[in-house]
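Topology and contacts: notes
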Amino acid sequence: MAIQVSGITKQFGSYRALDSVDLEVRSGELLALLGPSGSGKTTLLRIMAGLESPDAGSLQLNGEEALGLKPRDRQVGFVFQHYALFRHMTVFDNVAFGLKVRPRAQRLPNAEIKRRVSELLELVQLGHFADRYPAQLSGGQRQRVALARALAIEPKVLLLDEPFGALDAKVRKELRRWLRKLHDEIHITSVFVTHDQEEALELADRVVVMSQGRIEQIGSPAEVYDHPSSAFVYEFLGQVNRFDCMVEGGLAHIGNGALAIPTDGDVRGAAIAYVRPHDLGVTPAVGGPGRVSGIHVVGPDARVEIELGGLFLEAEMDRERFTSLGMALGDSCSVHIDRARVFAR
Amino acid sequence: MPASSSASALSDPAWMRRLLIATALAFLALFLLLPLVAVFAEALRRGVGAYWTALVDEDALEAIKLTLIVAAIAVPANLVFGVAASWCVAKFDFYGKNLLITLIDLPFSVSPVISGLIYVLLFGLNGAIGPFLKAQGIQIIFAVPGLVLATIFVTFPFVARELIPLMQEQGTEEEEAALVLGAGGWQTFWRVTLPNIKWGLLYGVLLCNARAMGEFGAVSVVSGHIRGYTNTMPLHVEILYNEYNFVAAFAVASVLAMLALVTLVAKSALEWRFGAELAATRHK
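Because the structure is predicted, anything quoted here is derived from the model rather than measured.

The subject of this paragraph is the interface of chain A and chain B. Reports often express the size of an interface as the amount of accessible area lost when the parts come together. Each side of the interface is counted separately: chain A has 23 residues, and chain B has 21 residues. Linking chain A with chain B are 2 salt bridges. Residues B:Glu174 and A:Arg87 are paired through a salt bridge, measuring 2.7 Å at the closest nitrogen-oxygen approach. Inspection of the region where chain A meets chain B yields 6 residue pairs in polar contact (both at pLDDT 80 or more). Secondary structure elements with two or more residues in the side of chain A that touches chain B: strand 6 (76-79), helix 2 (91-100) and helix 4 (139-152) of chain A. A per-class count over the side of chain A that touches chain B returns 13 nonpolar, 4 polar and 6 charged.

A few words on the UniProt feature "domain: ABC transmembrane type-1" (unreviewed entry) in chain B. This chain's UniProt record puts "domain: ABC transmembrane type-1" (unreviewed entry) on residues 64-265 of chain B. Annotated as residues 64-265 of chain B, this span is 79% helix and 0% strand, and its ends, taken at the C-alpha atoms, are 21 Å apart.

We now examine the pattern of salt bridges. All names here are of chain A. Inspection of every chain in the model, using the stated rule, returns 27 salt bridges over all chains. Note that Arg16 is salt-bridged to Asp19, the shortest N-O span being 3.3 Å. Arg16 sits in the partly exposed class, given a relative accessible area of 39%. Since its relative accessible area comes to 17%, Asp19 is described here as buried. The salt bridge involving Glu314 is made with Arg303; its shortest N-O contact spans 3.4 Å. In this pair, Glu314 is assigned in strand 18 (residues 311-318) and Arg303 in strand 17 (residues 301-308), connecting sequence segments 11 residues apart.

Here we come to the confidence of the model for chain B. All names here are of chain B. A residue-level look at chain B finds 93% of positions with pLDDT of 70 or above and a mean pLDDT of 87. Here helix 1 (residues 2-10) stands out as the least confident element of chain B, with mean pLDDT 55; helix 10 (residues 173-180) is the most confident, with 93. This stretch, residues 1-5, has a pLDDT under 50; its non-local contacts, to residues over four places away or in other chains, come to 0 contacts.

Moving on: the domain arrangement of chain A. All names here are of chain A. Entries for chain A in the domain assignment read domain 1 (3-235) and domain 2 (239-344). Here the C-alpha centre of domain 2 lies 40 Å away from the C-alpha centre of domain 1. At the interface, 8 residues of domain 1 touch 8 residues of domain 2. Overall, the association of domain 1 and domain 2 removes approximately 790 Å² of surface from exposure, summing both partners, and the carbon and sulfur fraction of that is 52%. Where domain 1 packs against domain 2, one counts 1 salt bridge. Arg242 is the salt-bridge partner of Glu235, the closest N and O atoms lying 2.8 Å from each other. Looking at the side of domain 1 that touches domain 2 residue by residue, the class counts come to 4 nonpolar, 3 polar and 1 charged.

Attention shifts here to the sheet that holds strand 11 (residues 241-248) of chain A. Residues and elements named next belong to chain A. Strand order in the open sheet formed by 5 strands is 13-12-11-14-20, and the pairing between neighbours is antiparallel. Of all strands in the sheet, those with a lone pairing partner are strand 13 (259-262) and strand 20 (341-344), marking the two edges. Each adjacent strand pair in this sheet contributes to an overall mean axis angle of 40°, direction not counted. Taken together, the 3 bridges between strand 11 and strand 12 (residues 251-254) define a ladder with antiparallel strand orientation. If you follow Glu248 over to strand 12, its bridge partner there is Leu251.

Residues and elements named next belong to chain A. Among the 9 residues in helix 1 (residues 41-49), 8 count as buried, and that is most of the element. For helix 1, the complete set of buried residues consists of Lys41, Thr43, Leu44, Leu45, Arg46, Ile47, Met48 and Ala49. Immediately downstream of helix 1, the backbone of Gly50 shows phi near 90°, a positive value.

Another point: the packing of helix 3 (residues 47-55) of chain B against helix 14 (residues 246-273) of chain B. Residues and elements named next belong to chain B. Where helix 3 contacts helix 14, the two axes come as close as 8 Å, and the packing angle between them is 75°. Regarding the angle of helix 3 to helix 14, the classification is roughly perpendicular. Packed against helix 3, whose contacting residues are Ala50, Tyr51, Ala54 and Leu55, the element helix 14 presents Val247, Ala248, Ala251, Val252, Ser254, Val255 and Met258 at the interface. Here the contact of helix 3 with helix 14 is built from residues that sort into 10 nonpolar, 1 polar and no charged.

Turning to the environment of B:Asp93, a few remarks are in order. All names here are of chain B. Relative to the assigned elements, Asp93 resides in the loop between helix 4 (58-91) and helix 5 (97-109). With a relative accessible area of 73%, Asp93 lands in the exposed category. Residues Asp93 and Glu175, 82 residues apart in the sequence, show an inter-C-alpha distance of 15 Å. Separated by 3.2 Å, the side chains of Asp93 and Lys97 make a polar contact.

What counts and what doesn't
- Residues numbered from 1 in each chain as written.
- Chains lettered and ligands numbered in written order.
- Predicted model: local features only at pLDDT ≥ 70, side-chain atom pairs only at ≥ 80, totals over all residues.
- Heavy atoms only, no water.
- Contact = heavy atoms within 4.5 Å.
- Salt bridge = Lys/Arg side-chain N within 4 Å of Asp/Glu carboxyl O.
- Polar contact = N/O pair within 3.5 Å; in protein donor to acceptor, adjacent residues only side chain to side chain.
- Helix = DSSP H or I, 4+ residues; strand = E, 2+ residues; numbered from the N terminus.
- Nonpolar A, V, L, I, M, F, W, Y, C, P; charged D, E, K, R; others polar.
- UniProt positions renumbered as here; feature names shortened; annotations may be inferred.
- Buried < 20%, exposed > 50% of the residue type's maximum accessible area, 1.4 Å probe, protein only.
- pLDDT = per-residue confidence, 0-100.
- Domains from an automatic or database assignment.
- Buried area = accessible area lost by both parts, 1.4 Å probe.
- Pairing = 2+ DSSP bridges.
- Axes fitted to C-alpha atoms, helices over the stretch in contact; angles between N-to-C directions.
- Parallel < 35°, antiparallel > 145°, perpendicular 65-115°, else oblique.

Pasting the structure below:
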């Protein structure tokens, strides 16, 4: 089912959580709403579910206006950040809830409910946990129960609010992979909210980057990472070197003229230049303009901090390359950057 | 060695612990146990026969009956009100919420005698709406309705006060989950909210009930002390005591004390029986 969001605005007191947001969620895709806290991503998700109503705008589910519909009539599955499992019910009863509260005429026979719930518990690999209470499960298990419960009502859309936010790093990665696989199997239109750029880039078909109640950019993970449309997106996605510069004749001059980098685009004058640490080349050079001011080698990567004309830059390379360069703290070096992304100040 | 030294560093010396425990026990014995024992001892001073005679006295039976009636009306009323009020306060944001919370606490801060007096001023013969009610043939003051009203007022906060923090802590996510899953408002209440608060609710009701049966001040003002008609147990105890009928006074008092004990035992038994479940509803 496709979702069409047009001009959605939401105000909480004097705080504008969403500012005329337009967004199209394509049928069957896995979409990430990515942004820092306070960017409005959760509010947008809750509006889609009907848990919040916007001040203005329209929301269409499969081409039909849905803002007037109650949550129960929208056919959405919602997975809460803190799971929101019914704590006094067993895992089985949690998953069965949506089926049991249907009006009598639409309710399935008990045997059928039982069969469906068992099937879902198998799907989320919790077949043996049907009689447990939520308090007796680990975070990852609870999250999967929450997912099974949301899927039980056969929703047309699955909405997930920070689905992995409360889990530790290892479980988070496993569950992320598992969710991707699940989505590839059942192809349900899914929207998930996250503040973790790595999670969004790895998991989603398309990423929506949000900031201060507005959408900054929509695109595939590669598009938003390689071609950020704004300074905010550039800074938010991954590590970045950021410096003030003057752009003249297609060159960005940084560090009081210590370095001139070719730029694209038509920005002129005072601007901000961005360079990813792995796009920054370093070579040892006696009498070079830079000086190695910090070295951090962890795992397969090496991060080198360089002082250049009063600026501090960070370069990232693999460990082998770093070893072959043979640089030590305090060494002089030269710095070369193929290309910088420049945004007007 | 480090383990033992850290253990002793975290606890007080043995003599200190014993002193604290002994103080607490002595205090309990002096202020709780001794009066309780005294009630029963005084009641049985002239033997079981006299005790029984005092209890089956017509006025005493009427007082017990009236107390039970008043509690049977006041407690359910405050149960409904308490759940409704805490549901509003904990699950919704609205203008005037703080005022509502303050109002709920009012009966705790006002002396019961004053609250009784207010009812007299409102519903009494010289009161604001008393003459009108009198013309309709409705009597509130010096009658059962007055007793019920005064008791409801005084026991107003017990259920709500117990539930509001519990419901606030539990938040609204489970209710939201139920709504998205297709449950209606009532279904959400009966299947999700109520089971989550049932232990807090029960506790609030027990406290409310204990107070409803034991209330003296407010009830005393509106009652008029008409024997066999508007005398609840606490009032009856006072009358008997003032008449130097000590055995009868303590006999009725012992029934009140037993009601309190039953309440306490019921509460402890429930906590013991359902302790794990109780803990589960309090913590996520």
